[in-house]
Amino acid sequence: MADKLSLLILNGANLSRLGKREPHIYGSRTLREISQTLTESFADLDLNFFHSESEGELILKLYDAEDSGMIRGIVFNAGAYTHYSLALRDAIAAISIPVVEVHLSNVFAREPFRRNSVLSEVCLGVISGFGEYSYHLGVLALKSHLSQKP
Ligand code: DQA
């Protein structure tokens, strides 16, 4: 896959329950289905997927991505960690790979605690509220960003 742009799609807390979890908010498709559609939509890219419920594993994956030398950008839905994980924020700040924060739901139109992200400040940008298409937009944003880099 050396000739294709490699990106990591990273998912955190409770996203393994997509499809079953509050479908009126998050939709009825599973994380596997969403990932499959992304792979099909971006056949020109080398998309890599990782999910963990654990903050520590997510941190290690961010470091792995950097150390691999292969991953050029990360689309990250941290779930509720978004709102309070200073450890994830520090890990994003510690790597040089651009990270796009994504959310299926519009976090600004929900409970007040969801309006605050401790990650946004160290991310390239934030996409929120477009259902699974948020991931799609995240990939497009990274493609565009990376194509402008020398
Ligand atoms: C979420 C929004 C978060 O507030 C929530 O805790 C999630 C999912 C989203 O994709 O809309 O788990 O990140």
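Provided above is the structure to which this section pertains.
Residues numbered from 1 in each chain as written. Predicted model: local features only at pLDDT ≥ 70, side-chain atom pairs only at ≥ 80, totals over all residues. Heavy atoms only, no water.

Engineer: Which parts of the structure should I look at to understand the sheet that holds strand β2 (residues 45-51)?
Structural biologist: Sheets are built from strands that pair by backbone hydrogen bonding, the pairs being arranged parallel or antiparallel. Taken in spatial order, the five strands line up as β2-β1-β3-β4-β5 in an open sheet, and their pairing is parallel. In this open sheet, the two strands that pair with only one neighbour each are β2 and β5 (125-128). Averaged over all pairs of adjacent strands, the angle between strand axes in this sheet comes to 20°, irrespective of strand direction. In terms of strand pairing, strand β3 (residues 71-77) meets strand β4 (residues 99-103) through three bridges, oriented parallel. Looking at β4, one finds that Val75 is bridged to Val100. (Pairing = 2+ DSSP bridges. Helix = DSSP H or I, 4+ residues; strand = E, 2+ residues; numbered from the N terminus. Axes fitted to C-alpha atoms, helices over the stretch in contact; angles between N-to-C directions.)

Engineer: What exactly am I supposed to notice about the pairing of β3 here?
Structural biologist: Residues in a regular strand project their side chains so that they alternate between the two faces of the sheet. The buried fraction of β3 amounts to six of the seven residues, a majority that puts the element mostly inside the structure. Bridge count between strand β1 (residues 5-11) and β3: six bridges; the pairing is parallel. Following the sheet pairing, Leu7 is matched in β3 by Gly73. Once the chain exits β3 it traverses helix α4 (residues 86-94) before rejoining the sheet at β4, and the crossover so formed is right-handed. (Buried < 20%, exposed > 50% of the residue type's maximum accessible area, 1.4 Å probe, protein only. Right-handed = clockwise from strand over helix to strand, strands pointing away.)

Engineer: How should unusual backbone geometry be read in this particular structure?
Structural biologist: Excluding glycine, most residues fall at negative phi; most peptide bonds, likewise, are trans. Of note, the phi angle at Asn14 is positive, near 70°, even though the residue is not glycine. Tracing the chain through its elements places Asn14 in the loop between β1 and α1 (23-26). Even without being glycine, Glu22 reaches a positive phi, approximately 35°. Its location among the elements puts Glu22 in the loop between β1 and α1. For Glu22, a relative accessible area of 36% translates into the label partly exposed.

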